[in-house]
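The lines below spell out each chain.
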Amino acid sequence: QANVINLKTFLSAVRLAHQGSDTGVLPLSPLVPAKNSDVEKPKTKMIITSRRDYPLTKSFPFSLEHLQTSYCKLARIDTRVLCLKKLRKLDLSHNHIKQLPATLGDLVCLQELDLHDNHLEAFSGALCNSGLQKSLQFLDLSQNQIQALPIEFCQLRGLVQLRLDDNALLRLPCRIGQLSHLRFLSAARNKLPFLPSDFRKLCLENLDLFGNPFEQPNPLVPNIQLKIPLTLLECAARATVNHRIPFGRHLLPSHLCKDLEVAKTCRCGSACLSSFIQITVTMNLHHVAHTVVLVDNMGGTEAPILCYFCSLDCYSQFLDRHLQSN
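The rules behind the values
Residues numbered from 1 in each chain as written. Predicted model: local features only at pLDDT ≥ 70, side-chain atom pairs only at ≥ 80, totals over all residues. Heavy atoms only, no water. Helix = DSSP H or I, 4+ residues; strand = E, 2+ residues; numbered from the N terminus. Rg over C-alpha atoms; globule rule 2.2 N^0.38 Å. Buried < 20%, exposed > 50% of the residue type's maximum accessible area, 1.4 Å probe, protein only. Contact = heavy atoms within 4.5 Å. Pairing = 2+ DSSP bridges. Axes fitted to C-alpha atoms, helices over the stretch in contact; angles between N-to-C directions. Phe/Tyr/Trp six-rings, centres within 6.5 Å; stacked < 30°, edge-to-face > 60°. Lys NZ or Arg CZ within 6 Å of the ring centre and 35° of its normal. Expected span 1.5 Å × (residues − 1). Core = buried A, V, L, I, M, F, W, Y, C linked by side-chain atoms within 4.5 Å. Domains from an automatic or database assignment. Salt bridge = Lys/Arg side-chain N within 4 Å of Asp/Glu carboxyl O.

I tried to follow the overall build of the protein on my own but got confused; where do I start?
Per the secondary structure count, the protein includes six helices and 14 strands. The globule rule puts the C-alpha radius of gyration for 326 residues at 20 Å, and the 29 Å found for the protein is more than 25% above it. Here the protein holds 326 residues, and 41% of them are scored as buried. Counted over contacts in the protein with a minimum sequence separation of 6, partners at least 24 positions apart contribute 44%.

What's the story with unusual backbone geometry in this structure? I'm lost.
Working note: non-glycine residues mostly have negative phi, and peptide bonds are mostly trans. For the bond from Ile228 to Pro229, the omega torsion is -5°, close enough to zero to count as cis. Along the chain, Pro229 turns up in the loop between β9 (223–224) and α4 (232–242). Look at Asp117: it is not a glycine, yet its phi comes out positive at around 60°. Examined against the element boundaries, Asp117 turns out to sit in the loop between β4 (112–114) and α2 (125–128).

Even after reading the chapter, I still don't get the sheet that holds strand β3 (residues 89–91), so can you show me in this structure?
Where strands meet in a sheet, backbone hydrogen bonds hold them as pairs that are either parallel or antiparallel. Taken in spatial order, the nine strands of this open sheet run β1-β2-β3-β4-β5-β6-β7-β8-β13, and their pairing is parallel. The sheet terminates laterally at β1 (45–48) and β13 (289–293), the two strands that pair on one side only. On average, each strand axis in the sheet is tilted by 5° relative to the strand beside it, whichever way the strands run. Inspection of the sheet shows β1 paired to strand β2 (residues 66–69) by four bridges, in the parallel sense. Each residue of the ladder has a partner; that of Ile47, found in β2, is Gln68.

What am I meant to see in the packing of aromatic side chains here?
Here the distance between the centres and the angle between the planes together describe a pair of aromatic rings. Summed over all chains, the structure comprises five aromatic pairs. Where Phe123 meets Phe153, the ring centres are 5.7 Å apart and the plane angle is 75°; that geometry is what we call edge-to-face. Here the residue Phe123 occupies a position in the loop between β4 and α2, and Phe153 occupies one in the loop between β5 (138–140) and β6 (161–163), the gap between them amounting to 30 residues. Phe153 shares its class with Phe123; the two are buried. Where Phe309 meets Phe318, the ring centres are 5.2 Å apart and the plane angle is 40°; that geometry is what we call tilted. Both residues of the pair, Phe309 and Phe318, belong to the buried class. Among the aromatic residues, those joined into a ring-pair cluster are Phe309, Tyr315 and Phe318. It is Lys264 that lies over the ring of Tyr308; its NZ or CZ is 5.8 Å from the centre.

For this particular structure, what's the right way to read the sheet that holds strand β14 (residues 302–309)?
Strand order in the open sheet formed by three strands is β9-β12-β14, with antiparallel pairing between adjacent strands. With partners counted over all chains shown, the strands left at the sheet margins are β9 and β14, one partner each. One ladder, built from eight bridges, connects strand β12 (residues 277–284) with β14; its direction is antiparallel. Its bridge partner lying in β14, Met283 is registered against Ala303.

How do you make sense of the pairing of strand β8 (residues 204–208) when you look at a structure like this?
Each regular strand carries side chains that alternate between the two faces of the sheet. Bridge analysis of strand β7 (residues 184–186) against β8 gives three bridges, and the strand direction is parallel. Bridging from a neighbouring strand, Leu185 pairs with Leu207 of β8. Sheet analysis places β8 next to β13, joined by four bridges and oriented parallel. Paired with Leu204 across the two strands is Ala289, which belongs to β13.

I tried to follow helix α1 (residues 4–18) on my own but got confused; where do I start?
The α-helix winds at 3.6 residues per turn, so residues separated by three or four positions along the chain end up facing the same way. With 15 residues, α1 ought to run about 21 Å at 1.5 Å a step, and its terminal C-alpha atoms sit 21 Å apart, in line with that. Residue Gly20 follows α1 closely and has a positive phi angle near 90°.

Help me out: how do you make sense of the nonpolar core in this one?
Note on soluble globular proteins: their nonpolar side chains tend to be buried together. Counting residues in each nonpolar core, the largest one holds 77 residues, and the members touching the most others are Leu90, Phe123, Leu185, Leu195, Phe199 and Leu285. Put simply, the parts of the chain that give this core at least two residues each are β1, α2, β8, β12, β13, β14 and α6 (312–325). Composition of this core by domain shows at least three residues from each of domain 2 (45–191) and domain 3 (223–277 + 312–325). Dropping the residues within four chain positions of it, Leu185 is found in contact with Leu162, Leu164, Ile176, Phe199, Leu202, Leu204, Asn206, Leu207 and Asp208.

Looking at this structure, how should I read the pattern of salt bridges?
Where charged atoms from two side chains of opposite charge come close, those side chains can pair. Summed over all chains, the structure comprises eight salt bridges. Notably, a salt bridge pairs Arg80 with Asp78, separated by 2.7 Å at the nearest N-O pair. Taking the relative accessible area as the measure of exposure, Arg80 reaches 21% and is therefore partly exposed. Residue Asp198 pairs with Lys201 through a salt bridge whose shortest N-O separation is 3.1 Å. Because the salt bridges share partners, they merge into one network encompassing Asp140, Arg163 and Asp165.

Even after reading the chapter, I still don't get the pairing of β12, so can you show me in this structure?
Most of β12 sits inside the fold, with six of its eight residues counted as buried. Sheet analysis places β9 next to β12, joined by two bridges and oriented antiparallel. In the sheet register, Asn223 faces β12, and the bridge partner there is Gln278.

Written as structure tokens, this is what we have:
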């Protein structure tokens, strides 16, 4: 954006200097400091809220830290956006995006990701194992078509706020208790029949589970998956988890590692893998959240949660206490 005449004069002086001309004949002018109004500051924020304003030929400024492209009818994430390494906030809400590219995880500074009101059916495990593990704090996946989140989702340990409203979720991640920084969780109007047992480990400020078809808990009707006697695999798996024996894909097949990472925990504290008794019990949601949105129109704040037992003895002891308390 230089002045054309001054630029030509400068280039002429450079050419003459390159040719070895005497400095006395060079067309030089005194240096004058640039005014603040003449200096264009790097652009850090851009908001686009219509299809006609979306740049089709012009690149996005690489200095952007906040980008919003809503109501643009995008069917996929623009590859030019994936080159904005300084992005801290990315708002792609109200579009038609069906799939997220794995390279989205290369935005290592990304703290807020808003994908509200799109056509997503999944959130890939590759993203959960990317640089987003440390950076991502706010994630909005509400109003999509997601039925389940991957096991790896709980690797996003930096999450503080998670919105999952108005999807088709049939379950929450079984290791959701690993999200130790999570303070705001909203999963209203999904298809959750119960909560995972790890849900007890959460420490939330605000929780909204309104409008889910929660089942009525019945501890007297257990789902018995016990294998007696225990298989050698079950014994080895229980010993590995109970004694915290290190394991990894360099020692065990990957499918065994995945099974060990999601081992169930009995009420007695022992682990169980594929041999267990499962029931649902009632949990008051105030045990995990300071503020709870009512679960239903009846004013309830309770929900069913899965509970596991590693043996008939553990289940019998629980049943005795349960019957006595009632």
